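The lines below spell out each chain.
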Amino acid sequence: IEGNYIPGQTVLIIDDLISGGTSIIETADHLREAGLHVKDAIVLVDRKQGGKERLRQHGIRLIPILELEMLLNWGMANGRIDDEAQYRASIAYLHAKDTATRNEAV
């Protein structure tokens with residue numbers, strides 16, 4: 001933990017991306033051990049691989065700026081991805097992981 005803080009303050013975790021959520025949960029644990037409150041985490045990209053659900057189980061609300069599928073769709077629509085087969089395989093992979101994650105939660 002860097003900087004000045006007072007136990008009891010609420011902090012916001014900011015990260016570049018989330019997959020399973022492990023690093024954010026570990027960070028939240030350290031902050032909580034120092035007496036700080038963690039309620040939210042903001043990430044630039046959510047890979048939709050169960051991180052949001054895991055954070056919720058630890059009392060943390062995830063606020064993603066983008067989801068990976070949105071980036072893939074943008075890339076395909078704007079010519080940044082030129083291999084349609086690879087695009088479709090990536091989307092299928094994300095959907096399969098998302099379905100598996102939802103089934104694990106049930």
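The rules behind the values
Residues numbered from 1 in each chain as written. Predicted model: local features only at pLDDT ≥ 70, side-chain atom pairs only at ≥ 80, totals over all residues. Heavy atoms only, no water. Pairing = 2+ DSSP bridges. Helix = DSSP H or I, 4+ residues; strand = E, 2+ residues; numbered from the N terminus. Right-handed = clockwise from strand over helix to strand, strands pointing away. Axes fitted to C-alpha atoms, helices over the stretch in contact; angles between N-to-C directions. Contact = heavy atoms within 4.5 Å. Salt bridge = Lys/Arg side-chain N within 4 Å of Asp/Glu carboxyl O. Buried < 20%, exposed > 50% of the residue type's maximum accessible area, 1.4 Å probe, protein only. Expected span 1.5 Å × (residues − 1). Arc of directions from axis to C-beta. Lys, Arg positive; Asp, Glu negative; His and termini not counted.

Asker: Tell me about the pairing of strand E2 (residues 37–46), residues and numbers included.
Answerer: Looking at chain direction, strand E1 (residues 10–18) and E2 are connected through 8 bridges and run parallel. In the strand pairing of E2, Ile13 is matched with Ala41. As for the winding sense of the linkage, the β-α-β connection from E1 through helix H1 (residues 22–33) to E2 is right-handed. Bridge count for E2 against strand E3 (residues 61–67) is 6 bridges, and the pairing is parallel. For Ala41, the partnering residue across the bridge sits in E3 and is Leu62. In this region the chain leaves E2, passes through helix H2 (residues 51–57) and returns to the parallel neighbour E3; the handedness of that crossover is right-handed.

Asker: With reference to specific residues and values, describe the sheet that holds E2.
Answerer: If you trace the 3 strands from one edge of the open sheet to the other, you get E1-E2-E3, paired in parallel fashion. Of all strands in the sheet, those bounded by a partner on one side alone are E1 and E3. On average, each strand axis in the sheet is tilted by 20° relative to the strand beside it, whichever way the strands run. Most of the contacts of H1 go to E1, to which it runs at about 160°, and overall it touches E1 and E2.

Asker: Can you break down the pattern of salt bridges residue by residue, with the values?
Answerer: Applying the stated rule across the entire model yields 3 salt bridges. Between Glu67 and Lys48 there is a salt bridge whose closest N-O contact spans 3.8 Å. In this pair, Glu67 is assigned in strand E3 and Lys48 in the loop between E2 and H2, connecting sequence segments 19 residues apart. Residue Lys48 is classed as partly exposed on the basis of its relative accessible area, which comes to 30%.

Asker: Break down H1 for me, with residues and values.
Answerer: The first and last C-alpha atoms of H1 sit 17 Å apart over 12 residues, in line with the 16 Å expected at 1.5 Å per residue. Burial in H1 covers these residues: Ile24, Ile25, Ala28 and Leu31. For H1, the buried positions fall inside an angular range of 125° around the axis, keeping them on one side. For H1, the exposed residues lying more than 90 degrees away from the buried face are His30 and Glu33.

Asker: Tell me about the side chain of Asp46, and please be specific about residues and values.
Answerer: With respect to the helices and strands, Asp46 occurs in strand E2. Of the side chains with opposite charge, Lys48 comes closest to the buried, unpaired Asp46, at an N-O distance of 5.0 Å. Among all residues touching Asp46, those that are not within four sequence positions of it are Ile18, Lys52, Leu62, Pro64, Leu66, Glu67 and Leu68.

Asker: Mind laying out the environment of His37, listing which residues take part and the relevant values?
Answerer: Inspection of the secondary structure puts His37 in strand E2. With 57 residues separating them along the chain, His37 and Leu94 place their C-alpha atoms 32 Å apart. Non-local contacts of His37, meaning those with residues more than four positions away in its chain, are made with Gly8, Gln9, Thr10 and Val11.

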